[in-house]
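An overview of the molecular structure
Each chain, letter by letter, is given below.
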Amino acid sequence: MSALPIDFALAWDSLPQMAEGLVTTLLITVLVLVLGLPLSVLVTLARMSRSRILSWPAAAFVVFFRGAPLLILLYLVYYGFGQIEALRDGPLWVIFGSAFACAVIGLTLNHVAYMVEVVRGSLNAVPAGLVEASAALGLTPRETFTYIRLPLAMRYGLAAYQNEVVMFTKGTAVVSVITVIDLTAVANELFEETYDPFTPMLTAAAFYWCLVNAIRLGFGALENHLNRHQRREQAVKPTTPAGAAAAAAEPPAGAPVAPLRRMIGSDRRPVPVKAAAPALSTATPKEHAL
Amino acid sequence: MSALQTETGPQPVAAPRPIAVEMTGVEKYYGKFKALSGIDLTVRKGEKIVICGPSGSGKSTLIRTINRLEPHDGGTIVVNGITLDGSPTSVQDVRLECGMVFQQFNLFPHLTILENCMLAPRLTRKLSKTQAEALALKYLERVHIGAQTHKYPSQLSGGQQQRVAIARALCMEPPIMLFDEPTSALDPEMIKEVLQVMEDLAEDGMTMICVTHEMGFARRVANRCVFMDQGEIVEEARAEEFFEAPKSDRLKAFLAQILH
Ligand SMILES: Nc1ncnc2c1ncn2[C@@H]1O[C@H](COP(=O)(O)OP(=O)(O)OP(=O)(O)O)[C@@H](O)[C@H]1O
Ligand SMILES: [Mg+2]
């Protein structure tokens, strides 16, 4: 055993505690993602708005929270707001008094600030011709946004979004500085109890590794689903009568509108970072440029 | 609203019919660049107009002002009684009057052929799913795509995609159809199938304004041809005169180039 720096017995015994920490990490991650996505879209729309009353505060928000170091941001939210007496006595103290809630708030602000650029780039990547075609069909700008721009932007932005989610998930480790017991905090506690510098940290690392790869697989599945219109291209292209007939039989007659809904509802993102970039660049010209 | 006139063929219309599109003194600027100057054009119901001219002469700009994809800066445009004054209702109304087909097809890549055709009728005409689907299938049959409705646009050839784009516009049952170089992005063997669909449409009495350099199509279908250069309408004539006896030197030069 001594050749390896890892004490397997300790690792095994620490699993229940680690799992608790992982649950906290997961909870924070999921909450921030769920809050962050709609907020990102809203702030992006404000940012892209022609009205300065909307675009300037949004731009200021992005500049401030992208620049603000996350660690200091968390300190400020958790310890800083505690100094404000009115807040301490008010009903909002339920939120600002809780380290967990403060962690979610701080991380969300940071995440949204990064996501605004991702969402903006993706929306801008939607070919103008498609937006025009939609307008020419009599769709209102809002309908065009909901049914054309957003679903397409989601596909273009998936690779960048996956990157941000992975970085951010690993980054949740900072919440331990404001007393939230996440995966990293558990590892740290164990280290202080056992003075084993390797085992708890490596065990926690293994958990993070699994989490990140689960995210990767999830994004892979989602990307496959969203890009089915491209994937089937190769499968169906040789339009033999038999192939066409088989394909024709495949979706139920009523399918058309339901998938639309699904697309608009979903959001996460697939595929490893490396594979995603080509998917983006081949998709766009191939479909729109002809 | 009905496109059921039975008049066919390229003969000039005898009794004046109601006016579909009337442009008077239309001007359009891109910044300081004047893209359209003093455009006067009247199109009556059931007429087929072909617009041609050199690249950059303002053909696309003209046709796009009719459904207000480009707002115009001077003059007036009236489409089926709707004055294009930029109010949101007039914009929405005029887009229901005009179907548009683009050079680049512009099909929605994430939707199947059927979904492409059903989207606008469902949202804008508030049709039920069943109604919209029946409508979409009807027009897809008409452009001979009935068997491929579940496919995505990228799985079709260019000619097929353009025919779907025509069907998608027809699903809104507009009284006027605008075509902006619908065959320019197509390989030669696919041009014919798209032109055939357009000719069928013309025979059904649709009011059509086509920007195209397909001179055969213009001769067979157009009531009138319009030649544009540098943002102006230089010459406007019945198809035969237009090709056989062009008056202006600019049109002569252009035709010489086109017909090699
Ligand atoms: N969005 C724009 N901004 C600035 N200038 C423009 C814009 N769109 C068109 N133009 C200019 O207006 C002029 C007319 O353009 P338009 O697209 O109408 O020409 P066209 O006759 O359709 O040419 P083509 O046959 O190449 O399609 C061109 O000189 C073009 O450079
Ligand atoms: Mg053009």
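Report follows, based on the coordinates. (Residues numbered from 1 in each chain as written. Chains lettered and ligands numbered in written order. Predicted model: local features only at pLDDT ≥ 70, side-chain atom pairs only at ≥ 80, totals over all residues. Heavy atoms only, no water.)

1. Re the overall build of chain A
- Summing up its helical and strand segments, chain A has 14 helices and zero strands in all.
- Reading chain A from its N terminus to its C terminus gives the helix and strand order α-α-α-α-α-α-α-α-α-α-α-α-α-α.
- Burial statistics for chain A: of 290 residues in total, 45% are counted as buried.
- In chain A, the proportion of contacts linking residues at least 24 apart, taken out of those at least 6 apart, comes to 82%.
- If you sum the accessible surface of chain A, you get close to 14700 Å²; carbon and sulfur atoms cover 70% of it. (Helix = DSSP H or I, 4+ residues; strand = E, 2+ residues; numbered from the N terminus. Buried < 20%, exposed > 50% of the residue type's maximum accessible area, 1.4 Å probe, protein only. Contact = heavy atoms within 4.5 Å. Areas by Shrake-Rupley, 256 points an atom, 1.4 Å probe, with all protein chains shown as cover.)

2. As for the packing of helix 1 (residues 8–48) of chain A against helix 6 (residues 99–125) of chain A
Residue and element names in this part refer to chain A.
- Where helix 1 contacts helix 6, the two axes come as close as 6 Å, and the packing angle between them is 45 degrees. Classified by the interaxial angle, the pair formed by helix 1 and helix 6 is oblique. Our pair here, helix 1 against helix 6, has a crossing hand that is right-handed.
- The residue inventory of the contact of helix 1 with helix 6, partitioned by class, reads 20 nonpolar, seven polar and three charged. (Axes fitted to C-alpha atoms, helices over the stretch in contact; angles between N-to-C directions. Parallel < 35°, antiparallel > 145°, perpendicular 65-115°, else oblique. Left-handed = near helix turned anticlockwise from the far one by under 90°. Nonpolar A, V, L, I, M, F, W, Y, C, P; charged D, E, K, R; others polar.)

3. Some thoughts on the sheet that holds strand 7 (residues 176–180) of chain B
Residues and elements named next belong to chain B.
- The six strands lie next to each other as 6-7-8-3-9-10, forming an open sheet whose pairing is mixed. Two strands close off the open sheet at either side, each with one partner strand: strand 6 (98–101) and strand 10 (232–238). Taken pair by pair, the neighbouring strands of this sheet meet at an average axis angle of 15 degrees, ignoring direction.
- Bridge analysis of strand 3 (residues 48–52) against strand 8 (residues 207–211) gives four bridges, and the strand direction is parallel. Among the inter-strand pairings, Lys48 is bridged to a residue of strand 8, identified as Met208.
- Here helix 1 (residues 59–66) sits on the sheet in contact with strand 3, strand 6, strand 7, strand 8 and strand 9 (224–229), set at roughly 155 degrees to strand 7. (Pairing = 2+ DSSP bridges.)

4. Considerations on helix 6 (residues 188–203) of chain B
All names here are of chain B.
- Between the first and last C-alpha of helix 6 there are 23 Å, a value that for 16 residues agrees with the 22 Å anticipated at 1.5 Å per step.
- All of the buried residues along helix 6 are Met190, Ile191, Val194, Leu195, Val197, Met198, Glu199, Leu201 and Ala202.
- Buried-residue contacts for helix 6 involve strand 3, helix 4 (129–142), helix 5 (158–170), strand 7, strand 8 and helix 7 (215–221). (Expected span 1.5 Å × (residues − 1).)

5. Remarks on the site of ligand 1
All names here are of chain B.
- The immediate surroundings of ligand 1 are formed by Tyr30, Phe33, Ala35, Pro54, Ser55, Gly56, Ser57, Gly58, Lys59, Ser60, Thr61 and Glu181.
- For ligand 1, an oxygen atom lies 2.6 Å from a polar atom in the side chain of Ser60.
- Across the complex, the protein chains shield 60% of the 630 Å² of accessible surface that ligand 1 would expose by itself.
- Counting only elements with at least two residues in the shell around ligand 1, the list comes to strand 2 (33–44) and helix 1.
- Here the element with the most residues in the shell around ligand 1 is helix 1; it accounts for three residues.
- Taken together, the residues of the shell around ligand 1 sort by class into four nonpolar, six polar and two charged. (Near = heavy atom within 4 Å. Polar contact = N/O pair within 3.5 Å; in protein donor to acceptor, adjacent residues only side chain to side chain.)

6. Thoughts on the sheet that holds strand 5 (residues 82–83) of chain B
Residue and element names in this part refer to chain B.
- In space, the four strands of this open sheet follow the order 2-1-4-5, with antiparallel pairing throughout. The open sheet has two edge strands with one neighbour each: strand 2 and strand 5.
- The pairing of strand 1 (residues 19–30) with strand 2 spans eight bridges and is classified as antiparallel. When the sheet's bridge partners are listed, Lys28 is paired in strand 2 with Leu36.

7. Quick word on the nonpolar core
- In this structure, B:Val21, B:Met23, B:Leu62, B:Ile66 and B:Ile209 are the most contacted members of the largest nonpolar core, which totals 84 residues.
- Looking at which element gives the most residues to this core, the answer is helix 8 (residues 141–171) of chain A, with 13 residues.
- Once residues lying within four places of it in the same chain are set aside, the contact partners of B:Val21 are B:Leu41, B:Thr42, B:Val43, B:Ile66, B:Val78, B:Val79, B:Ile176 and B:Ile209.
- B:Met118, B:Ile145, B:Val194 and B:Ala202 belong to the second-largest nonpolar core, a separate cluster that totals 53 residues. (Core = buried A, V, L, I, M, F, W, Y, C linked by side-chain atoms within 4.5 Å.)

8. A look at the pattern of salt bridges
- A full pass over the atoms with the stated rule returns 18 salt bridges over all chains.
- We note a salt bridge from A:Arg120 to A:Glu117, for which the minimum N-O separation is 3.3 Å. With a gap of three residues between them, A:Arg120 and A:Glu117 both fall in helix 6, about one helical turn apart.
- In this structure, B:Glu241 and B:Arg238 form a salt bridge, with 4.0 Å as the shortest nitrogen-oxygen distance.
- Its relative accessible area of 36% is what places B:Glu241 among the partly exposed residues.
- The exposure class assigned to B:Arg238 is partly exposed, which follows from its relative accessible area of 34%. (Salt bridge = Lys/Arg side-chain N within 4 Å of Asp/Glu carboxyl O.)

Everything listed here is a matter of geometry and, on its own, says nothing about what the molecule does.
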